[in-house]
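# Breakdown of the fold
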Amino acid sequence: MHGLIDVGNTRIKYLPHAAVALNACQDYQAIMHDQVDVLIEHLAQQNVSKITIASVRALPVTQRLIDWAAHHQITLQRVQVNPTYLAVNYRHVDQFGVDRYLGLLAAKAVHQQNFCVVSAGSAITLDFFGQTHLGGMILPGIGTSLSCLQEKTGLASIREPDALLGNDTASSIGAGIYQGYSRLVAASIADVSAAYQQSFQVVLTGGDADYIAKYLTNDTTKDATGATKDATKGGLLAKVTIKPNLVFEGMHVYLSMMENGAV
Ligand SMILES: Nc1ncnc2c1ncn2[C@@H]1O[C@H](COP(=O)(O)OP(=O)(O)O)[C@@H](O)[C@H]1O
Ligand SMILES: CC(C)(COP(=O)(O)O)[C@@H](O)C(=O)NCCC(=O)O
């Protein structure tokens, strides 16, 4: 058994390698960092003999997984940003997040060009790809923003608003964070589209993708089968697709390229 692991800043996600190939829409299992031992037990039970791991940075849980694999003679392979197949427009490629790289690889395999990968996790990242990677944006994610607000002001409750404006603290924070972030993402895509004179297919992933999508447009279809639905907004957002497994799909592309000797 070959296991794929995505270590994000908030959660660790796991998917057996075969699941990506056989059923790309199957959801991953996600755990918080302090539950890494539950994942290790699961890997042991599944007789995992090989692990491919994408880790956004050198997190203690990544080291824990590396140590466990070494101790049990399990082959562990770390995904690296490699410009051979997909070049990222970064001054220093080694700064570029491996999760962003895998998101681009997966989206490129489907759309080839003119897409924007939006990953709504601990951070919200936007990566624009025309004929090549153009560059990106990073901003604090929804959960991160809520934690900051709580730390600075003590305000922690959040509720989805039923209107544009909130009428109590929780719905006002909901209006600001859920709707506000979606507008920020939409306006950023619109600005880049206008500046580059091209439109971008939007591919959404990450723990908060549904919230971003919900307020980004009223006409978004959650991707279960890879299907998309038209969702035009100001003529700029051509299509929005939610891909919960985008990083894993990117790992699948990455591994295929390795097998073919491209990476
Ligand atoms: N069950 C959950 N546990 C924790 N966070 C969740 C959960 N469901 C959705 N979220 C949201 O997803 C965000 C983390 O998204 P994720 O894609 O896992 O991030 P990362 O890749 O940075 O670990 C959290 O900040 C939170 O807002
Ligand atoms: C931007 C990120 C923090 C997003 O991480 P995530 O929200 O998925 O945990 C991560 O991709 C990262 O640490 N990137 C390195 C910096 C960069 O891409 O420029």
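The rules behind the values
- Residues numbered from 1 in each chain as written.
- Chains lettered and ligands numbered in written order.
- Predicted model: local features only at pLDDT ≥ 70, side-chain atom pairs only at ≥ 80, totals over all residues.
- Heavy atoms only, no water.
- Near = heavy atom within 4 Å.
- Polar contact = N/O pair within 3.5 Å; in protein donor to acceptor, adjacent residues only side chain to side chain.
- Areas by Shrake-Rupley, 256 points an atom, 1.4 Å probe, with all protein chains shown as cover.
- 1 Å grid on protein atoms, 1.4 Å probe; cavity = no way out; pocket = protein on both sides within 12 Å on 5 of 7 lines; lining within 4 Å.
- Sits in = over half its atoms within 2 Å of the grid points.
- Points joined across faces, edges and corners; volume = space filled by probe spheres on them.
- Helix = DSSP H or I, 4+ residues; strand = E, 2+ residues; numbered from the N terminus.
- Nonpolar A, V, L, I, M, F, W, Y, C, P; charged D, E, K, R; others polar.
- Domains from an automatic or database assignment.
- UniProt positions renumbered as here; feature names shortened; annotations may be inferred.
- Buried < 20%, exposed > 50% of the residue type's maximum accessible area, 1.4 Å probe, protein only.
- Contact = heavy atoms within 4.5 Å.
- Pairing = 2+ DSSP bridges.
- Axes fitted to C-alpha atoms, helices over the stretch in contact; angles between N-to-C directions.

## With respect to the site of ligand 2
- Neighbouring ligand 2 are 14 residues, the closest being Tyr90, Gly97, Asp99, Arg100 and Ala123.
- Ala123 places a main-chain nitrogen or oxygen 2.9 Å from an oxygen atom of ligand 2.
- Burial of ligand 2 by the protein chains amounts to 80% of its free accessible area of 460 Å².
- Using a 2 Å cut-off from the grid points, one finds that ligand 2 occupies the largest pocket.

## Some points on the layout of surface pockets
- Size it by volume and the largest pocket reaches roughly 660 Å³.
- Forming the boundary of the largest pocket are 34 residues, of which Asp99, Ser119, Gly121, Ser122 and Ala123 lie nearest the centre.
- Within the residue set of the lining of the largest pocket, elements represented by two or more residues are β2 (11-16), α4 (98-111), β6 (115-120), β7 (123-129), α5 (142-153) and α8 (246-259).
- Broken down by element, the lining of the largest pocket gets its largest block of residues, 4 residues, from α5.
- Of the residues assigned to the lining of the largest pocket, the class counts are 12 nonpolar, 15 polar and 7 charged.

## Quick notes on the site of ligand 1
- Within the structure, ligand 1 sits among Gly8, Asn9, Thr10, Arg11, Lys13, Met32, Gly121, Ser122, Gly143, Gly206, Gly207 and Asp208.
- Measuring from an oxygen atom of ligand 1, one finds a backbone N or O atom of Asn9 at 3.4 Å.
- Take Ser122: an N or O atom from its side chain is 2.4 Å from an oxygen atom of ligand 1.
- Contact with the protein chains removes 69% of the 570 Å² of surface that ligand 1 exposes when unbound.
- Comparing atom positions with the cavity grids shows ligand 1 to sit within the largest pocket.
- Of the residues in the shell around ligand 1, the class split is 1 nonpolar, 8 polar and 3 charged.
- There are two domains that each give the shell around ligand 1 at least three residues, and those are domain 1 (2-78) and domain 2 (93-248).

## Observations concerning the UniProt feature "active site" (unreviewed entry) in the protein chain
- Under the feature "active site" (unreviewed entry), the UniProt entry names Asp99.
- Secondary-structure assignment places Asp99 in helix α4.
- Overall, Asp99 belongs to the partly exposed group, its relative accessible area being 23%.
- Sequence-distant contacts of Asp99, defined by excluding residues within four places in its chain, comprise Val56 and Val247.

## Observations concerning the sheet that holds strand β1 (residues 2-7)
- Reading across from one edge, β3-β2-β1-β4-β5 is the order of the 5 strands in this open sheet, with mixed pairing throughout. The sheet terminates laterally at β3 (29-32) and β5 (75-78), the two strands that pair on one side only. Shown here is a sheet whose adjacent strand axes are inclined to one another by a mean of 20 degrees, direction ignored.
- Sheet topology places strand β4 (residues 50-55) next to β5; 4 bridges connect them, and they run parallel. Following the sheet pairing, Ile51 is matched in β5 by Leu76.
- The strands that helix α2 (residues 36-45) touches are β1, β2, β3 and β4; relative to β2, the one it contacts most, it runs at about 10 degrees.

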